[in-house]
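# Structural overview for review
Next come the chains, spelled out residue by residue.
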Amino acid sequence: MTASSTASSPAASETGDPLLLTPGPLTTSRTVKAAMVHDWGSRDANFIAINRSVLTRLVRIANGSDDWATVPMQGSGTFAVEAMLTTFVPADGEVLVLINGAYGKRAKRILDIAGRRTVVHETAEDTPPDLAAVEALLASNPSITHVFTVHCETTSGILNPIAQIGALAARYGKGYLVDSMSAFGALPIDVQAMHIDAVAASSNKCIEGVPGLGFVICRVEALKRTQGNATTLVLDLHDQWLNMEKTSQYRFTPPTHVIVAFHQALDEFDAEGGVAGRGGRYRNNCRILLDGMRALGFRPLLADALQAPIIVTFHMPEDPLFVFAQFYESLKARGFVIYPGKLTVADSFRIGCIGRIGEKEMRAALAAIGEVLEEMGMVGQIEKTA
Ligand SMILES: *Cc1c(COP(=O)(O)O)cnc(C)c1O
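Everything numeric here is computed off the predicted structure, so don't read it as measured data.

For the protein chain, the count of helices and strands is 13 helices and 14 strands. A globule of 386 residues ought to have a C-alpha radius of gyration of about 21 Å, and the protein chain, at 21 Å, matches this closely. Taking the principal axes of its C-alpha atoms as reference, the protein chain extends roughly 60 × 55 × 35 Å. When contacts within the protein chain are restricted to residue pairs at least 6 apart in sequence, long-range pairs at least 24 apart make up 71% of them. Carbon and sulfur atoms make up 54% of the accessible area of the protein chain, which amounts to about 15000 Å² in all.

Turning our attention to the environment of Thr-70. With respect to the helices and strands, Thr-70 occurs in strand 2 (residues 68-74). Residue Thr-70 is classed as buried on the basis of its relative accessible area, which comes to 8%. A C-alpha to C-alpha distance of 9.9 Å links Thr-70 and Arg-60, two positions 10 residues apart in sequence. Apart from residues no more than four positions distant in its own chain, Thr-70 is found in contact with Leu-55, Leu-58, Val-59, Phe-215, Val-216 and Ile-217. Within the structure, the side chain of Thr-70 is placed 2.8 Å from the backbone oxygen of Leu-55, a separation counted as a polar contact.

Our next topic: the sheet that holds strand 5 (residues 146-150). An order of 2-10-9-8-5-3-4 is seen for the 7 strands of this open sheet, with the pairing classed as mixed. Each end of this open sheet is capped by a strand with a single partner; those strands are strand 2 and strand 4 (117-122). Shown here is a sheet whose adjacent strand axes are inclined to one another by a mean of 20 degrees, direction ignored. Relative to strand 2, helix 2 (residues 45-61) is tilted by about 125 degrees, and along the sheet it contacts strand 2 and strand 10 (213-219). Against the sheet, helix 3 (residues 77-88) touches strand 2, strand 5, strand 8 (175-179), strand 9 (198-202) and strand 10, its axis set at about 165 degrees to strand 9.

Taken together, Ser-76, Gly-77, Thr-78, Tyr-103, Arg-106, Val-150, Cys-152, Thr-154, Asp-179, Met-181, Ser-182 and Lys-205 make up the full set of residues adjacent to the ligand. Ser-76 places a polar side-chain atom, nitrogen or oxygen, 2.5 Å from an oxygen atom of the ligand. With respect to the ligand, the side chain of Thr-154 contributes an N or O atom lying 2.4 Å from an oxygen atom. Across the complex, the protein chains shield 86% of the 380 Å² of accessible surface that the ligand would expose by itself. Those elements that provide at least two residues to the shell around the ligand are helix 3 and helix 4 (102-113). In terms of residue class, the shell around the ligand is made up of 4 nonpolar, 5 polar and 3 charged.

The next subject is the domain arrangement of the protein chain. Parsing the protein chain into structural domains produces domain 1 (19-23 + 274-385) and domain 2 (38-271). For domain 1 and domain 2, the distance between their C-alpha centres works out to 29 Å. The partner domain 2 presents 28 residues to the 24 residues of domain 1 that form the contact. Here domain 1 and domain 2 share an interface that buries about 2100 Å² over both sides, 59% of which is from carbon and sulfur atoms. Taken together, the connections running from domain 1 to domain 2 amount to 3 salt bridges.

Turning to the sheet that holds strand 11 (residues 311-315), a few remarks are in order. Read from one edge of the open sheet, 3 strands run 11-14-13, paired in antiparallel fashion. This sheet does not close on itself; its edge strands, each paired only once, are strand 11 and strand 13 (339-340). Bridge count for strand 11 against strand 14 (residues 348-352) is 5 bridges, and the pairing is antiparallel. In the sheet register, Phe-314 faces strand 14, and the bridge partner there is Phe-349. Contacts from helix 10 (residues 274-295) reach strand 11 and strand 14, with the element oriented near 10 degrees to strand 11.

Here the focus is unusual backbone geometry. The omega torsion across Gly-24 and Pro-25 is -5 degrees, close enough to zero to call that bond cis. Position of Pro-25 among the secondary structure elements: in the loop between strand 1 (19-20) and helix 1 (30-34). Despite not being glycine, Asn-63 has its phi angle at roughly 55 degrees, a positive value. Secondary-structure assignment places Asn-63 in the loop between helix 2 and strand 2. The residue Glu-208 is not glycine, and still its phi comes out positive at about 65 degrees. Position of Glu-208 among the secondary structure elements: in the loop between strand 9 and strand 10.

The residues that UniProt annotates with the feature "domain: Aminotransferase class V" (unreviewed entry) are residues 68-314. Secondary structure across residues 68-314 comprises 40% helix and 20% strand; the distance between its end C-alpha atoms is 38 Å.

Another point: the packing of helix 3 against helix 4. Close contact between helix 3 and helix 4 brings their axes to 10 Å; oriented N to C, the two are set at 50 degrees. Comparing their axes, helix 4 and helix 3 come out oblique. Remark: the crossing between helix 3 and helix 4 carries right-handed chirality. For the pair helix 3 and helix 4, the contacting residues are Thr-78, Val-81, Glu-82, Leu-85 and Thr-86 in the first and Arg-106, Ala-107, Ile-110 and Leu-111 in the second. Class assignment of the residues belonging to the contact of helix 3 with helix 4 gives a composition of 5 nonpolar, 2 polar and 2 charged.

Calculation rules
- Residues numbered from 1 in each chain as written.
- Predicted model: local features only at pLDDT ≥ 70, side-chain atom pairs only at ≥ 80, totals over all residues.
- Heavy atoms only, no water.
- Helix = DSSP H or I, 4+ residues; strand = E, 2+ residues; numbered from the N terminus.
- Rg over C-alpha atoms; globule rule 2.2 N^0.38 Å.
- Contact = heavy atoms within 4.5 Å.
- Areas by Shrake-Rupley, 256 points an atom, 1.4 Å probe, with all protein chains shown as cover.
- Buried < 20%, exposed > 50% of the residue type's maximum accessible area, 1.4 Å probe, protein only.
- Polar contact = N/O pair within 3.5 Å; in protein donor to acceptor, adjacent residues only side chain to side chain.
- Pairing = 2+ DSSP bridges.
- Axes fitted to C-alpha atoms, helices over the stretch in contact; angles between N-to-C directions.
- Near = heavy atom within 4 Å.
- Nonpolar A, V, L, I, M, F, W, Y, C, P; charged D, E, K, R; others polar.
- Domains from an automatic or database assignment.
- Buried area = accessible area lost by both parts, 1.4 Å probe.
- Salt bridge = Lys/Arg side-chain N within 4 Å of Asp/Glu carboxyl O.
- UniProt positions renumbered as here; feature names shortened; annotations may be inferred.
- Parallel < 35°, antiparallel > 145°, perpendicular 65-115°, else oblique.
- Left-handed = near helix turned anticlockwise from the far one by under 90°.

The following block contains the structure:
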């Protein structure tokens, strides 16, 4: 079914649902969904063992040693980012926030609401941070205590230089906090080599679980010094960690089904070859998408060197025959859900490369896009390919 691209037999996931070519939630495997058909008590010994296994495996994916711990946080990814920022940054702290998209802006907003001081280095959505400018800010603002950056800024799909930023944070003796939500599991991250104190991600992106659990991988020495920093009860990572160390349990109801599905997703992640295997499939998806879309006459926003293999932003065609709402609905009718753009620099839309999709699904999506262009009468767009 999935290889088909005609409107009469839409593409579909293993369960017949449309494929989600979005930044998350994503298409998950049938086996990940099937892991959720049981009920577990939160104090059940089996559930506790599964939860513990999930947390240790996440540390290993980030190349953490025994000196790192994963602190889970119920909720979507933003709950984990807010927990990380408000737990690690004390009331008298000051954060250098690197912004080149909506998720950097969201971090700044979280810090503003929590009353934490910030210094902002903002670049356009298609531009990575200027490392010389970052260094100048660190050199001239000794009151900065932490640096925050986004690994893959999902707004555009740009890959930010987290290793180089980490080296600067370490040179100036600052804490380093990373939002790796849309990259974790697909792009390598090394908390030791990159001098990271805490990195946040969630169950429903590149590990291909279902939504409902965020997590923060923390350097335990840094986490131990955060007691009393939190601005809320629920998002206090220190309290969550201490309680889990003492009792192996969550302070408040855990999303049991989500965690068991996440455990299954981690088994499938390992079977695929971990970060190398998962990242390799996504890079292949991304290459097929870029080649195919260019052949159809679309222009990607980013230069290839800046493009992470996670989600691709395309300029909206200027042809008045191209109506995005129609494009979106016709693709959905063929079994593919894409994503509107969120950019300020250009009118755009996005297509994701992540989730339980591969070469076959990517090619089927491209065939469907070709059909829809034809349906809209955009002969010129298609002729560029001939
Ligand atoms: C998805 C994502 C988040 C979290 O978003 P939620 O909607 O809260 O899950 C945070 N940062 C980045 C970079 C993301 O891609």
